[in-house]
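If you want the building blocks of each chain, they are given just below.
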Amino acid sequence: MEKSSIAVKCHSQLWFVLIASFLFVFILLLSDYSALSAGRNTQGVTYFISNFANVIVNQDHSSSPPHHDHTTPTSSSSNESKSWLTLNVTNSTTTANNNTVKSVVINNPPVQPMSSEIGKKNSDSDSCSGRYIYVYNLPKRFNQDLLKNCHSLQRWTDMCPYISNMGLGPRIKNSKKQLVGNGWFATNQFLLEVIFHNRMKQYKCLTNDSSLASAVFVPFYPGLDVGRYLWDYNISVRDASPLEFVKWLSHRPEWKKMWGRDHFLVGGRIAWDFRRQTDKDSAWGSKLMFLPEAKNMTLLSIESSCWNNEQAIPYPTYFHPSKDSEVFEWQRRMRKRKRRHLFSFAGAPRPDLKDSIRDMIINQCQSSTSCKLVGCHRGANKCDDPLNVMKVFEASVFCLQPSGDSYTRRSTFDSILAGCIPVFFHPGSAYVQYLWHFPNTPSKYSVFISEKDIRDQKVMINETLHRIPKRQVSEMREEVIRLIPRVIYADPRAPRLETVEDAFDIAVKGVLDRVERIRREMKEGKDPGIAFPELNTTKFDMPGPGRERKLRSFRQHK
């Protein structure tokens, strides 16, 4: 009887041990599962003193986490998150069999069930943080309708062929295999507005929510608009569209966020064409950039003027690759090219400009057996033939880039594309213009000869270039070839280039950095207006000794 009683007790104890062990293992498994489902936070540690009902309570609370926007959390938002976690712990307290049981969660984010699509969206959001751009859907009269009337865009040129292929122009026939790939087009230098707009449509971080945008792009085509009325039209006609444009813009809610200081637009002509100095009908251009609203925006144009709310970006070239491999192959070819001309010049004289040195440049080229001249006077079409221009530049060590009607030239970028070292005669032709796209040290990629020295006949170009050591020439050429991706605009119809940043990418980065700086200054209580309409009267001064130091200082201020 005693043995039977002992057997029963042992049997009961055995079952108790088995049941307790089973429950212990079961609880451990539940705690492991919860840790895995809590967002894979390796820093968080979860301790459970609970039953299964408690786990359900926790997950019910976690299924509706507090709302988080796309901005970077501040210290206050972190405190709010911690408070929510504390509340979750408190509400998880239940009573069972008169015993208090608690679920304690330490430093663990709430459970957020997430589909693969939601995860992809959040991943994209993170990668685009600080880079979102909102694009206005402007009334068609400010862009699309201009292209429909392409025959009237310029007085002496039918622009209709050039707006084909999303503004790239007609494809160049490469029957002699002079060029690499199919990314070559007869691109007009005034179509940057269209090309940039179409490239923006491929931008990775576009948003339809303007509240998330770090910058706002305004796809107005001011160069094509004013180009119709530069001759034989009064100022009322030239200013009509700009006035309508800023009126429409100023009523947008996005405008009032920073009063336009986060807005930017692109001008396919030099900035002076949008800064008419007087209201006389004989004065040139429109007054777009002198309108009060425009003073708060950033203008990207092929050449900037003396105002601080302008930034020059490269002219469009003939090369618009759709793949990285096309860029790399072209660079390899330019490295191997034999260059039989020491220097070359493609251009025409400017007899109506008394300060122009074009005549002297042409005379020096013609008198040297080391120079190749491509005459672009009226009646000659050699400069209009992309294959002919590229052929000469590819065979030249140096390419002369004197000022013409304005400081800058499209030829500068064609020569860089050909691996030809540019020779500048005025700082306004490049050094104070393309600050985002060119190196800080001009001597790395170019030669500078003062206009004054040419005018005073103190310098012979042939002798100056001959004196440059061969090793230095090789280093400059390599730097120019490395610049090629930075001065081209990729084909907007193709997927984005994978590893190469083109002129568009660099320009967008520059705008985002500029707007972020202005936004930061506004938060600090500084007056952002100083950075916009201010006139920089020394911008185009001829640099003297310490030129590179002055240029670096100017870049930092910009």
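Everything numeric here is computed off the predicted structure, so don't read it as measured data.

Draft legend 1. Layout of the overall build of the chain. Secondary structure summary: the chain contains 19 helices and 13 strands in total. By residue count, 49% of the 558 residues in the chain fall in the buried class. Sequence separation of 24 or more characterises 74% of the internal contacts of the chain that already satisfy a separation of 6 or more. Working note: accessible area of the chain is about 29100 Å², and carbon and sulfur atoms make up 53% of it.

Draft legend 2. Looking closely at the state of the cysteines. One pass over the structure, following the stated rule, counts five disulfides. The disulfide that involves C150 links it to C160, with 1.9 Å between the sulfurs. Between C150 and C160 the disulfide shows an S-S torsion of about 90 degrees. By sign, it is right-handed. With C150 in the loop between α5 (144–148) and α6 (164–167) and C160 in the loop between α5 and α6, this residue pair connects regions lying ten residues apart in the sequence. You'll find C150 and C160 in the same group, each marked buried. Paired by a disulfide, C399 and C420 hold their sulfur atoms 2.1 Å apart. The sign of the S-S torsion, about 115 degrees, decides the handedness of the disulfide formed by C399 and C420: right-handed. Placement of the pair is C399 in strand β11 (residues 396–401) and C420 in the loop between α14 (411–417) and β12 (421–424), with a sequence separation of 21 residues.

Draft legend 3. Local environment of the sheet that holds strand β7 (residues 298–301). Reading across the sheet, the five strands line up as β4-β5-β6-β7-β8 and stay open at both edges, with parallel pairing between neighbours. Here the strands that pair on one side only, and so sit at the sheet edges, are β4 (133–135) and β8 (310–312). Along the sheet, successive strands turn relative to each other by an average axial angle of 30 degrees, direction set aside. One ladder, built from three bridges, connects β7 with β8; its direction is parallel. Paired with L299 across the strands is E310, a residue of β8.

Draft legend 4. View of empty space enclosed by the protein. Using the criterion set out here, one finds two cavities of 30 Å³ or more in the structure. By volume, the second largest cavity amounts to about 30 Å³. Of the residues assigned to the lining of the second largest cavity, the class counts are three nonpolar, three polar and one charged.

Draft legend 5. Looking closely at the sheet that holds strand β13 (residues 447–448). Here five strands make up an open sheet; going across it, the order is β10-β9-β11-β12-β13 and the pairing parallel. In this open sheet, the two edge strands, each paired with only one partner strand, are β10 (371–375) and β13. By the bridge criterion, two bridges tie β12 to β13 in an arrangement that is parallel. Note that in β13 the partner of V423 across the bridge is V447.

Draft legend 6. Fine view of helix α18 (residues 503–523). Compared with an ideal rise of 1.5 Å per residue, which puts 21 residues at 30 Å, α18 spans 31 Å between its outermost C-alpha atoms and is within 8% of the ideal. Once α18 finishes, G525 follows within two positions and takes phi at roughly 85 degrees, a positive value.

Draft legend 7. Quick look at the environment of K382. Here K382 is to be found in the loop between β10 and α13 (386–394). On the basis of relative accessible area, K382 is assigned to the exposed category, the value being 51%. A C-alpha to C-alpha distance of 9.8 Å links K382 and G347, two positions 35 residues apart in sequence. Apart from the residues within four sequence positions on either side, K382 is in contact with V374, G375, N388 and V389.

Draft legend 8. Unusual backbone geometry, seen in detail. Phi at N165 takes a positive value of approximately 55 degrees, unusual for a residue other than glycine. Along the chain, N165 turns up in helix α6. One non-glycine residue, W259, lies in positive phi territory at about 55 degrees. Structurally, W259 is set in the loop between α10 (255–258) and β6 (263–267). W259 sits in the partly exposed class, given a relative accessible area of 45%.

Draft legend 9. Here's a closer look at the confidence of the model for the chain. Overall, the predicted model of the chain reaches an average pLDDT of 79, with 72% of residues at or above 70. Here residues 1–12 scores under 50 on pLDDT; set against residues more than four positions off or in separate chains, the count is zero contacts. For residues 543–558, every residue scores under 50 in pLDDT, and the model assigns this stretch 34 contacts once sequence neighbours within four places are set aside.

Draft legend 10. Molecular detail of a positive patch on the surface. Residues K176, R340, K372, K382 and K391 make up a contiguous surface patch of positive charge. In this structure, K176 sits in the loop between α6 and α7 (192–200).

Draft legend 11. Quick peek at the pairing of β10. Bridging between strand β9 (residues 341–347) and β10 involves five bridges; their strand directions are parallel. Bridge pairing in β10 links F345 to L373. Handedness of the crossover joining β9 and β10 through helix α12 (residues 358–366) is recorded here as right-handed.

Draft legend 12. Geometry of the pattern of salt bridges. Tallied over the entire structure, the rule returns 25 salt bridges. Residue E478 pairs with R482 through a salt bridge whose shortest N-O separation is 3.7 Å. With E478 and R482 both in helix α17 (residues 470–483) and four residues apart, this pair spans about one turn of that helix. Exposure remark for E478: the relative accessible area of 24% places this residue in the partly exposed category. On the basis of relative accessible area, R482 is assigned to the partly exposed category, the value being 44%. A salt bridge links K509 to E501, with the nearest nitrogen and oxygen atoms 2.5 Å apart. The partly exposed category is assigned to E501, whose relative accessible area is 33%.

Draft legend 13. Summary view of the packing of α7 against α18. Axis separation between α7 and α18 bottoms out at 11 Å; the angle between their running directions is 80 degrees. Between α7 and α18, the interaxial angle falls into the category roughly perpendicular. Along the contact surface, α7 presents F196, R199 and M200, while α18 presents F504, D505, A507 and V508. A class-by-class count of the residues in the contact of α7 with α18 yields five nonpolar, no polar and two charged.

Basis of the calculations
- Residues numbered from 1 in each chain as written.
- Predicted model: local features only at pLDDT ≥ 70, side-chain atom pairs only at ≥ 80, totals over all residues.
- Heavy atoms only, no water.
- Helix = DSSP H or I, 4+ residues; strand = E, 2+ residues; numbered from the N terminus.
- Buried < 20%, exposed > 50% of the residue type's maximum accessible area, 1.4 Å probe, protein only.
- Contact = heavy atoms within 4.5 Å.
- Areas by Shrake-Rupley, 256 points an atom, 1.4 Å probe, with all protein chains shown as cover.
- Disulfide = S-S within 2.5 Å.
- Pairing = 2+ DSSP bridges.
- Axes fitted to C-alpha atoms, helices over the stretch in contact; angles between N-to-C directions.
- 1 Å grid on protein atoms, 1.4 Å probe; cavity = no way out; pocket = protein on both sides within 12 Å on 5 of 7 lines; lining within 4 Å.
- Points joined across faces, edges and corners; volume = space filled by probe spheres on them.
- Nonpolar A, V, L, I, M, F, W, Y, C, P; charged D, E, K, R; others polar.
- Expected span 1.5 Å × (residues − 1).
- pLDDT = per-residue confidence, 0-100.
- Patch = residues over 30% accessible without salt bridge, like charges linked within 9 Å, V, L, I, M, F, W, Y side chains within 5 Å.
- Salt bridge = Lys/Arg side-chain N within 4 Å of Asp/Glu carboxyl O.
- Lys, Arg positive; Asp, Glu negative; His and termini not counted.
- Charge placed at Lys NZ, Arg CZ, Asp CG, Glu CD.
- Right-handed = clockwise from strand over helix to strand, strands pointing away.
- Parallel < 35°, antiparallel > 145°, perpendicular 65-115°, else oblique.

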